[in-house]
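Here's the letter readout for the chains.
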Amino acid sequence: LCKNGMNGLIAPNSAGKSTFIDIITFLLYSRMNRVIANRKHVQPDIINIHQKKCSGVVYFSTSSNEIYMVEKQVSRLKDNNIKLVSNFYRLLENVSGDYEWDSRKFTRECLTGKDRLETDKRVSEIIGTYEDFVFHSLFLQFDNQSFRKMSPKERKDFMYRLFSLDFLTKQH
């Protein structure tokens, strides 16, 4: 992805663009636009019906050049519910000294919370909320009218979060 600018995901209809975005948002937030996780369980259709488990990893960096890694393991239980395990790390230094990218060559600082919800909250504290991420980064198909549908207060709050102006509303 482009380091300083805009990225686009362009492909014909039904090529998997929304699925790709759903995978990224699921790995970062345990939520997707089309399959929403409730507070206790992730819907069973997150895993292919012929599989019992799946996993994924996403890496991201911040403007301060810190590199993070989020990994998820999803398992289908006997009662068809889903077990989701989230791990979150900051990658500190490449211990091998070479320039080849391989997360196994980095020392890791574990940022994983006591449960998935706490881990998801820690990710959100670094990269922002799911709603903000989807809204200003990923104008999903048929969902580009959201800002106009917000109330004036919701728009103001969104813009304050988007541009990190929350401090203007805090009383000293």
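What you see is a predicted model; the values in this text were computed from it and never measured.

In this section: the overall build of the chain. Helix and strand counts for the chain come out as 5 helices and 4 strands. When the helices and strands of the chain are read in sequence order from the N terminus, they spell out α-β-β-β-β-α-α-α-α. Across the 172 residues in the chain, those meeting the buried criterion constitute 29%. When contacts within the chain are restricted to residue pairs at least 6 apart in sequence, long-range pairs at least 24 apart make up 42% of them. Split by element, the accessible area of the chain, about 12,300 Å² in all, is 53% carbon and sulfur.

For side chains of opposite charge, pairing can occur when their charged atoms come near one another. This model, assessed by the stated rule, comprises 6 salt bridges. Close ionic contact of Arg 116 with Asp 120 constitutes a salt bridge, the shortest N to O distance being 3.2 Å. Residue Arg 116 and its partner Asp 120 are both found in helix 2 (residues 116–127); the two are separated by 4 residues, about one turn of the helix. For the pair formed by Arg 116 and Asp 120, the shared burial category is buried. Taken together, the shared-partner salt bridges in this structure form one network comprising Glu 66, Arg 90 and Glu 109.

A few words on the pairing of strand 1 (residues 53–61). With 9 bridges connecting them, strand 1 and strand 2 (residues 67–76) associate as antiparallel partners. Considered in strand 2, the bridge of Lys 53 is made with Ser 75. The hairpin turn running from strand 1 into strand 2, its antiparallel successor, is 5 residues long, and Asn 65 in that turn takes a positive phi close to 65 degrees.

This part covers unusual backbone geometry. Although it is not a glycine, Ser 30 adopts a positive phi angle of roughly 60 degrees. Considering the arrangement of structural elements, one finds Ser 30 in the loop between helix 1 (17–29) and strand 1. You can call Ser 30 buried: its relative accessible area is 1%.

For an α-helix, 3.6 residues make a turn, and residues three or four places apart therefore share a direction. With 12 residues, helix 2 extends 17 Å from end C-alpha to end C-alpha; this agrees with the ideal 16 Å at 1.5 Å per step. Inspection of helix 2 places Arg 116, Thr 119, Asp 120 and Val 123 among the buried residues, and these make up the whole buried set. In a view along the axis of helix 2, the buried residues occupy a sector of 100 degrees, so they form one face of it. In helix 2, the exposed positions angled more than 90 degrees off the buried face are occupied by Lys 121 and Glu 125. In this structure Asp 115 caps helix 2, since a side-chain oxygen of it lies 3.2 Å from the backbone nitrogen of Leu 117.

Rules and cut-offs
Residues numbered from 1 in each chain as written. Predicted model: local features only at pLDDT ≥ 70, side-chain atom pairs only at ≥ 80, totals over all residues. Heavy atoms only, no water. Helix = DSSP H or I, 4+ residues; strand = E, 2+ residues; numbered from the N terminus. Buried < 20%, exposed > 50% of the residue type's maximum accessible area, 1.4 Å probe, protein only. Contact = heavy atoms within 4.5 Å. Areas by Shrake-Rupley, 256 points an atom, 1.4 Å probe, with all protein chains shown as cover. Salt bridge = Lys/Arg side-chain N within 4 Å of Asp/Glu carboxyl O. Pairing = 2+ DSSP bridges. Expected span 1.5 Å × (residues − 1). Arc of directions from axis to C-beta. Polar contact = N/O pair within 3.5 Å; in protein donor to acceptor, adjacent residues only side chain to side chain.

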